[in-house]
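Chain residues, written in single-letter form:
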Amino acid sequence: MEFFFEVLLGGLLAGVMYSLVAIGFVLIYKASGVFNFAQGSMVLFAALTFVSLLERGIPFWLTFGITMLTMVVLAWAIERFMLRKLVNRPPITLFMATLGLSYMIEGLAQAVWGAQVHGLELGISDEPLELGGMLLSQFDIFAAGVAGVLVIFLSWLFNKTRTGISLRAVADDQLAALAVGIKLQRIWLIVWAVAGFVGLVAGLLWGARLGVQFSLSLVVLKALPVLIIGGFTSIGGAIVGGLIIGASEKLAEVFIGPIIGGGIENWFPYVLALVFLLVRPAGIFGERAIERV
Amino acid sequence: MTAPLLQLDNIEVIYDKVILAVRNISLKVAPGSIVALLGANGAGKSTTLKAISGLANAERGEVVDGRIYYLNRDITSASPHSLVELGLVQVLEGRHCFAHLSVEENLLTGGYVRHRSRARLTESLEKIYHYFPRLKLLRRNQAGYTSGGEQQMVAIGRALMAEPKLVLLDEPSMGLAPLVVEEIFEIVHTLNRQQGVSFLLAEQNASIALKYADVGYIIESGRVAAEGTTADLKNRSDLQALYLGLEAA
Ligand SMILES: Nc1ncnc2c1ncn2[C@@H]1O[C@H](COP(=O)(O)OP(=O)(O)OP(=O)(O)O)[C@@H](O)[C@H]1O
Ligand SMILES: [Mg+2]
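Described in the following lines is the structure provided in the data block.

Now for the coordination of the magnesium ion (ligand 2). Taken together, the protein donors to the magnesium ion (ligand 2) comprise Ser46(B) (OG) and Glu93(B) (OE), at separations of 1.9 to 2.0 Å. Here Glu93(B) lies in the loop between strand S6 (88–91) and helix H3 (103–111) and Ser46(B) lies in helix H1 (residues 45–53), a separation of 47 residues in the sequence.

Structure (structure tokens):
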């Protein structure tokens, strides 16, 4: 039984890492109704910029600041040269644009920082920690803590600030948001910058775990089942979705794996997502459209 | 005669570069008045209002000819944001509340442009609750789950948060029971008398609009077909059956 809980808890903690990536998608999906295919590239770009600056001997927090600034500039450029040109276009057009954007960001990252793999050391050991008889990864606990702080920050932003309430207003009804005088362009800039920030945090944690390399942008593939389960419009859903994926894939690997052969971890989340799609297409926390006249 | 608050000179509005929705509309709104735009489906009432508020642009509409003046400024191509700053706000047809926001959050969004401080915002909010006591009871409810009449109140209250001089009100009666329509128009009337807010309202329900408005314009296929004080319009027998759908007196 203790072993079961150890696997479960380890899975939950690992799931938080998926949630982090998924949150970036949710932010942009909420504000502009588009699945931002480039989120993975943003994670990569942020991590690569960070690690390259750090390797040049710049102190940690300064590096963090510069990288964040770079993400804001990126958000500005995306709003100025892409979103602004595509207002009022169907979502599929925007989606295609983010597809192109994703390659542009990756190309940019490669041109500026090169293609080699970098190790990233955040100074948190990956030594297992013993807690109540269970062995848990220190790094995972740290990542969960970071995600917790991030979620508290985001929910404060969304529910208590003018910017956040305006942002949710834009998500609900763009025309009405314009009518009350909200500047869509400003909101988009902020959302993409915040998504860039979330991408940076996710990039650092994933980078420290896997090394900073181009395959990092593939973590988006893990975020997809998380989004399907949690819903595309809820940050809480992204967290719960991540936890479900993390826990279930580890449990499946350990307890079902020996029976039907290993490697379950790699496909199990997608099967689970498929089941959810059939049963509950909007996800657990997805916003149902309110139909009422 | 005092200078008009709003003046449209021969405006022409085209959607998607080809669809001519408004051909030639001129009208005036005097300070402190209620003006009604009447006309059938597709006459061009909403388009006229959106041309004024700058929202037509967001639907790929464009004022290609004519000029619009507000407070003696040319606002023909002004952004909605800058017009809200000047106290000109539109309430959209079909209410367009932010469905997932609470009633109070809906109202707050209306005040952001004009009120920088939290204190001013709260003050404005209390004023809205004074005119719409029902909204105070519903303040924490999700706007999407309130009734049609309540949503219309939210939409009007949200616009009033900007402390406007002129509200463009599009079909406030749409889909509401007669009693509720009466209630909404009574509030409009009170706001007009007590706060001096001017209204330019588009309505298919001519009888209620003429009851509360000072001046009316009848729009047909994107043109002004008739205009005059509401008393005059009500007495013109040629208009009754054609446009106003009123019982012959
Ligand atoms: N976004 C748009 N794109 C293209 N054409 C439009 C658009 N909005 C309105 N139109 C067209 O412009 C004309 C005027 O429409 P408008 O909505 O202004 O009429 P209305 O008088 O408000 O009608 P209703 O009483 O039904 O609201 C119509 O022929 C309509 O089809
Ligand atoms: Mg209309």
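What follows picks up the thread again.
Residue and element names in this part refer to chain A. Packing of helix H2 (residues 39–55) against helix H4 (residues 91–113) leaves a shortest axis separation of 9 Å and a crossing angle of 15°. Overall, the two elements H2 and H4 adopt an arrangement that is roughly parallel. Like other packed secondary-structure pairs, H2 and H4 cross with a definite hand, here left-handed. The residues of H4 that touch H2, namely those facing Ser41, Met42, Leu44, Phe45, Leu48, Thr49, Ser52 and Leu53, are Ser102, Ile105, Glu106, Leu108, Ala109 and Trp113. Of the residues in the contact of H2 with H4, the class split is nine nonpolar, four polar and one charged.

Here the focus is the packing of aromatic side chains. Residue and element names in this part refer to chain A. Scanning the entire structure with this criterion turns up 17 aromatic pairs over all chains. With 6.2 Å between their ring centres and 35° between their planes, Phe153 and Trp156 make a pair best called tilted. Of this pair, Phe153 and Trp156 both sit in helix H5 (residues 138–160), separated by three residues, roughly a single helical turn. Residue Trp156 is classed as partly exposed on the basis of its relative accessible area, which comes to 46%. By the ring-pair criterion, three or more aromatic residues cluster together here, those being Phe50, Phe60, Trp61, Phe64, Phe153, Trp156 and Phe197.

A few words now on the pattern of salt bridges. If charged atoms from side chains of opposite charge come close, those side chains can pair. Residues and elements named next belong to chain B. The tally for this structure, following the rule as stated, stands at 18 salt bridges over all chains. Measuring nitrogen to oxygen at the nearest pair gives 2.6 Å for the salt bridge that ties Lys50 to Glu59. A salt bridge links Glu163 to Arg120, with the nearest nitrogen and oxygen atoms 3.8 Å apart. Taken together, the residues span a long stretch of sequence, with Glu163 in the loop between helix H6 (148–160) and strand S7 (166–170) and Arg120 in helix H4 (residues 118–131) at a distance of 43 residues. In this structure Glu163 comes out as partly exposed when scored by relative accessible area, which is 31%. Exposure remark for Arg120: the relative accessible area of 38% places this residue in the partly exposed category.

Thresholds, definitions, all that
Residues numbered from 1 in each chain as written. Chains lettered and ligands numbered in written order. Predicted model: local features only at pLDDT ≥ 70, side-chain atom pairs only at ≥ 80, totals over all residues. Heavy atoms only, no water. Donors = N, O, S within 2.8 Å, 3.2 Å for Na, K, Ca; no water. Helix = DSSP H or I, 4+ residues; strand = E, 2+ residues; numbered from the N terminus. Axes fitted to C-alpha atoms, helices over the stretch in contact; angles between N-to-C directions. Parallel < 35°, antiparallel > 145°, perpendicular 65-115°, else oblique. Left-handed = near helix turned anticlockwise from the far one by under 90°. Contact = heavy atoms within 4.5 Å. Nonpolar A, V, L, I, M, F, W, Y, C, P; charged D, E, K, R; others polar. Phe/Tyr/Trp six-rings, centres within 6.5 Å; stacked < 30°, edge-to-face > 60°. Buried < 20%, exposed > 50% of the residue type's maximum accessible area, 1.4 Å probe, protein only. Salt bridge = Lys/Arg side-chain N within 4 Å of Asp/Glu carboxyl O.

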